[in-house]
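As a plain string of letters, each chain reads:
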Amino acid sequence: MQTQIIGITGGVACGKSSVAALFEQAGARRIDADRLGHEVLTDPEAIAAIRAAWGSAAFDPQGRVDRQRLAAIVFAPPPEGPRNRALLEAISHPKIAALLERRIAQAAADGCPWVVIDAALLFEAGWNRQCSRVVCVDTPAEARLARAAARGWSAEQFHAREAAQWPPEAKRRQADCVIDNSGDFAQTAEQVQSLVQRWGVRGPR
């Protein structure tokens, strides 16, 4: 059986990771693109490229890439922020894509019939082209802003990240189906279970 690949995406703080976790509980192999991005930041070649681009401004005193400092650089106001973000993506996205391919190949080798890719930038990075289906997690902007605030983000940080992605409505249009995450957890879980049953996918025996 060919491994099915399901992409999970949505707007900032929409709850896509919670939805991806529900698919994982149903038996999918979950691949978290954000974690792969963290892994890339420990890659010697990526570290060298980041240092060449921004010097010590992107590093902590121990010489490790500091994600908060790097975020401040790439989510700065235009024109510097978008230019820096494009440079970081040119450094990191090919490496993340290579890791994605390896994780998917490993899942297939393990006999896992389906994989979910949890990725905010699924469409932006073109990773949707690897997917059999794409699910967009839809949550009202005010709820997403409140969730981001609970994470310690300011409204400015939220809007900077939102501006760096496709608008949620564009993701909804491009997705194969939409999960409404505006209700309680049970309602979201019911929608995920309905998709699992409709698609007839299960975890490895």
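Here the structure is shown first, and the text comes after it.
Being a predicted model, the structure only gives us computed values, none of them experimental. Sequence positions are assigned chain by chain, starting from 1 and proceeding in written order. Side-chain atom pairs in this predicted model are given and counted only at pLDDT of 80 or more, local residue features only at pLDDT of at least 70, and totals for whole chains, interfaces and linings cover all residues. Where side-chain values are given, they derive from all heavy atoms of the structure, hydrogens and water being excluded.

S.K.: Whenever I open this one, the overall build of the chain confuses me. Can you help?
M.R.: The secondary structure listing takes helices from DSSP runs of H or I that are at least 4 residues long and strands from runs of E that are at least 2 residues long, numbered from the N terminus. Within the chain one finds nine helices and five strands. When its helices and strands are written in sequence order, the chain yields β-α-β-α-α-α-α-β-β-α-α-α-β-α. In terms of overall dimensions, the chain is globule-like: its C-alpha atoms have a radius of gyration of 18 Å, near the 17 Å expected for 205 residues. Judged by the C-alpha coordinates and their principal axes, the chain covers about 50 × 40 × 30 Å. Only protein chains enter the area calculation, which uses a 1.4 Å probe; residues under 20% of their type maximum are buried, those over 50% are exposed, and those in between are partly exposed. A total of 205 residues make up the chain; the buried ones form 43% of that total. All accessible-area figures derive from a Shrake-Rupley calculation using a 1.4 Å probe, and residue coverage is judged against the displayed protein chains alone. Per element, the accessible surface of the chain, about 10,700 Å² overall, is 50% carbon and sulfur. For the purpose of charge, His is not counted, nor are the chain termini; Lys and Arg are scored as positive and Asp and Glu as negative. To locate a charge, the coordinates of NZ of Lys, CZ of Arg, CG of Asp or CD of Glu are taken. Across the chain, the mean location of the 25 positive side-chain charges is 3 Å away from that of the 23 negative side-chain charges. What the globule rule says is 2.2 Å times the number of residues to the power 0.38, and the radius of gyration is computed from C-alpha atoms.

S.K.: What exactly am I supposed to notice about the packing of aromatic side chains here?
M.R.: When we look at a pair of aromatic rings, we describe it by the centre distance and by the angle of the planes. Two rings belonging to Phe, Tyr or Trp (six-membered ring only in the last case) form a pair when the distance between their centres is within 6.5 Å. Interplanar angles under 30 degrees mark stacking, angles over 60 mark edge-to-face geometry, and anything in between is tilted. Scanning the model with the defined rule gives three aromatic pairs in all. Taking the centre distance of 5.8 Å and the plane angle of 80° together, the rings of F23 and W114 count as edge-to-face. One end of the pair, F23, is in helix α1 (residues 16-25); the other, W114, is in strand β3 (residues 114-118), with 91 residues separating them in the sequence. You can call F23 buried: its relative accessible area is 0%.

S.K.: Honestly, the nonpolar core in this entry has me stumped. Any pointers?
M.R.: If you look at soluble globular proteins, the nonpolar side chains tend to sit buried side by side. Each nonpolar core is a collection of buried residues, namely Ala, Val, Leu, Ile, Met, Phe, Trp, Tyr and Cys, held together in the definition by side-chain atoms within 4.5 Å. Ranked by size, the top nonpolar core spans 34 residues in total, and within it I50, W54, A58, L70, I117, L122 and W127 carry the most contacts. Of all elements in the fold, only α2 (33-40), α3 (44-54), α4 (67-74), α5 (80-109), β3 and β4 (133-138) reach the threshold of two or more residues within this core. In terms of residues, this core owes the most to one element, α5, which gives eight residues. Each residue touching I117, except ones within four places of it in the same chain, is listed here: I5, I6, G7, I8, I31, L100, I104, L122 and C131. The next biggest cluster of nonpolar side chains, apart from the first, holds 18 residues, and it includes I6, V116, V135 and V137. Here a residue-residue contact requires only that any non-hydrogen atoms of the pair lie within 4.5 Å.

S.K.: What am I meant to see in the side chain of N84 here?
M.R.: Take N84: it is sitting in helix α5. Overall, N84 belongs to the buried group, its relative accessible area being 17%. Those residues within four positions of N84 in sequence are excluded, and the remaining contacts are W54, I73 and V74.

S.K.: Please explain the environment of R51 as it appears in this structure.
M.R.: Structurally, R51 is set in helix α3. Among the residues examined, R51 registers a relative accessible area of 38% and is labelled partly exposed. Residues R51 and N181, 130 residues apart in the sequence, show an inter-C-alpha distance of 39 Å. Sequence-distant contacts of R51, defined by excluding residues within four places in its chain, comprise S56, F59 and G63.

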